[in-house]
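Residue strings, one per chain:
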Amino acid sequence: MKTLRDNCQTKLVAFDLDGTLLDSVPDLAKAVQLTLAELNLPTQQQDNVRGWIGNGARVLVKRALSGDINGDIPKDLFDKAYPIFLKHYADNLNTDSELYNGVEDTLAAFKRAGIAMACITNKPEQFTLPLLKEIGLSQFFDKVVCGDSFEHRKPHPMPLLETAKFFNVLPEQSIMVGDSVNDIIAAQAAGFYSICVSYGYHGEDDVHQLGADVVIQHFSEIAQLLEKAA
Ligand SMILES: O=C(O)COP(=O)(O)O
Ligand SMILES: [Mg+2]
């Protein structure tokens, strides 16, 4: 396991969106529930939906339709449900979602310190870009990578490696901050230092068993970690 000090001269910090910067469960759950209702299918509680977020919208819809993490459903049911979900989530993108404590202040401090920042999410671009604007975070990111930006999304390392390339920095000068196993696997595969927030969406996973280099309880601890490593 690396320490942040091994990541000498951190130049880039990449942030996951759902469960890391933004508590988006209320709106995703609402869109899921409206979709199921429109299809006359049994509803799903918000707690179930929380455990199904992190692999993108298509996987979320499959999991909601099947009622479990495997998301095994007939193709024609998915093809019918997905456009309905897209419509409901577009209508409820930022109704009840909330930024986690410390996010805005910490990002603003990093911006002042000249640290390059990116958002790397599995959320589709059609939702990510307007959402970041609405929650006031667009200004902090010079690069936003979404679930459909590249051929592969997290846990594949491609979105992280392409982001490092964009900023012309090395993976070992880069940090990935996320909440799920997808973020940690992608970080390890890309050679980024990994920070996992304990408050996010890990489904059944124990946050301390995900293999992150460090686990933090509160978003603002990232600033302290960077200071210590400097
Ligand atoms: O699953 C999603 O749609 C988004 O998830 P992420 O922002 O945590 O990558
Ligand atoms: Mg996440």
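Residues numbered from 1 in each chain as written. Chains lettered and ligands numbered in written order. Predicted model: local features only at pLDDT ≥ 70, side-chain atom pairs only at ≥ 80, totals over all residues.

By the naming in an unreviewed UniProt entry, the chain is Phosphoglycolate phosphatase, taken from Cycloclasticus zancles 78-ME. Among the UniProt annotations of the chain, the heading Cofactor (unreviewed entry) holds the following wording: "Mg(2+)". Regarding the chain, the relevant UniProt record gives this comment under Pathway (unreviewed entry): "Organic acid metabolism; glycolate biosynthesis; glycolate from 2-phosphoglycolate: step 1/1." (UniProt positions renumbered as here; feature names shortened; annotations may be inferred.)

*Asks:* It is not clear to me how the UniProt feature "binding site: Mg(2+)" (unreviewed entry) in the chain should be interpreted in this structure. Could you clarify?
*Replies:* In the numbering used here, UniProt assigns the feature "binding site: Mg(2+)" (unreviewed entry) to Asp-16, Asp-18 and Asp-179. Over a stretch of 164 residues, the named residues converge on one spot in the fold, their C-alpha atoms separated by at most 8.1 Å. For Asp-18, the location among the structural elements is in the loop between β1 (12–15) and β2 (22–23). Residue Asp-18 is classed as buried on the basis of its 26 C-beta neighbours within 10 Å. Not counting residues up to four positions away in its chain, the partners in contact with Asp-18 are Ser-24, Ile-53, Gly-54, Thr-121, Lys-123 and Tyr-201. Given 27 C-beta atoms within 10 Å, Asp-179 falls into the buried group. Setting aside residues up to four positions removed in sequence, Asp-179 forms contacts with Asp-16, Gly-19, Thr-20, Cys-196, Val-197, Gly-200, Tyr-201 and His-202. (Helix = DSSP H or I, 4+ residues; strand = E, 2+ residues; numbered from the N terminus. Buried ≥ 20, exposed ≤ 12 C-beta atoms within 10 Å, placed from the backbone. Contact = placed C-beta atoms within 7 Å.)

*Asks:* Is there a simple way to think about the site of ligand 1 in this case?
*Replies:* The environment of ligand 1 is formed by 14 residues, the closest being Leu-17, Asp-18, Thr-121, Asn-122 and Lys-123. Across the shell around ligand 1, the residue classes break down as four nonpolar, seven polar and three charged. Two domains share the shell around ligand 1, each providing at least three of its residues, namely domain 1 (4–23 + 97–229) and domain 2 (25–91). (Near = placed C-beta within 6 Å. Nonpolar A, V, L, I, M, F, W, Y, C, P; charged D, E, K, R; others polar. Domains from an automatic or database assignment.)

*Asks:* How should unusual backbone geometry be read in this particular structure?
*Replies:* For residues that are not glycine, phi is negative in most cases, and the peptide bond is trans in most cases. In this chain, Lys-154 is followed by Pro-155 through a cis amide linkage whose omega measures 20 degrees. For Asn-40, which is not glycine, the phi dihedral falls at a positive 55 degrees. Tracing the sequence through the fold places Asn-40 in the loop between α1 (25–38) and α2 (46–50). Judged by C-beta crowding, with 6 C-beta atoms within 10 Å, Asn-40 ranks as exposed.

*Asks:* Just to check I follow, could you spell out the pairing of strand β7 (residues 193–197) for this structure?
*Replies:* Successive side chains on a regular strand alternate, one facing one side of the sheet and the next facing the other. The element β7 is largely enclosed, with a buried count of five among its five residues. Residues Tyr-193, Ile-195 and Val-197 of β7 are buried on one face, and the alternating residues Ser-194 and Cys-196, pointing to the opposite face, are buried as well. What joins strand β6 (residues 174–178) to β7 is helix α8 (residues 181–190), and the crossover it makes is right-handed. Bridging between β7 and strand β8 (residues 214–216) involves three bridges; their strand directions are parallel. Note on β8: the bridge partner recorded for Cys-196 is Val-215. (Right-handed = clockwise from strand over helix to strand, strands pointing away. Pairing = 2+ DSSP bridges.)

*Asks:* Help me understand the sheet that holds strand β4 (residues 116–120) in this model?
*Replies:* By definition, the strands of a sheet pair up through backbone hydrogen bonds, in either a parallel or an antiparallel sense. Spatial strand order, β5-β4-β1-β6-β7-β8: six strands in an open sheet with parallel pairing. Either end of the sheet is taken by a strand with one partner, and the two such strands are β5 (143–145) and β8. Taking each pair of neighbouring strands and ignoring which way they run, the sheet shows an average axis angle of 20 degrees. On the sheet, α8 packs against β6 and β7 and is oriented at approximately 165 degrees with respect to β6. (Axes fitted to C-alpha atoms, helices over the stretch in contact; angles between N-to-C directions.)

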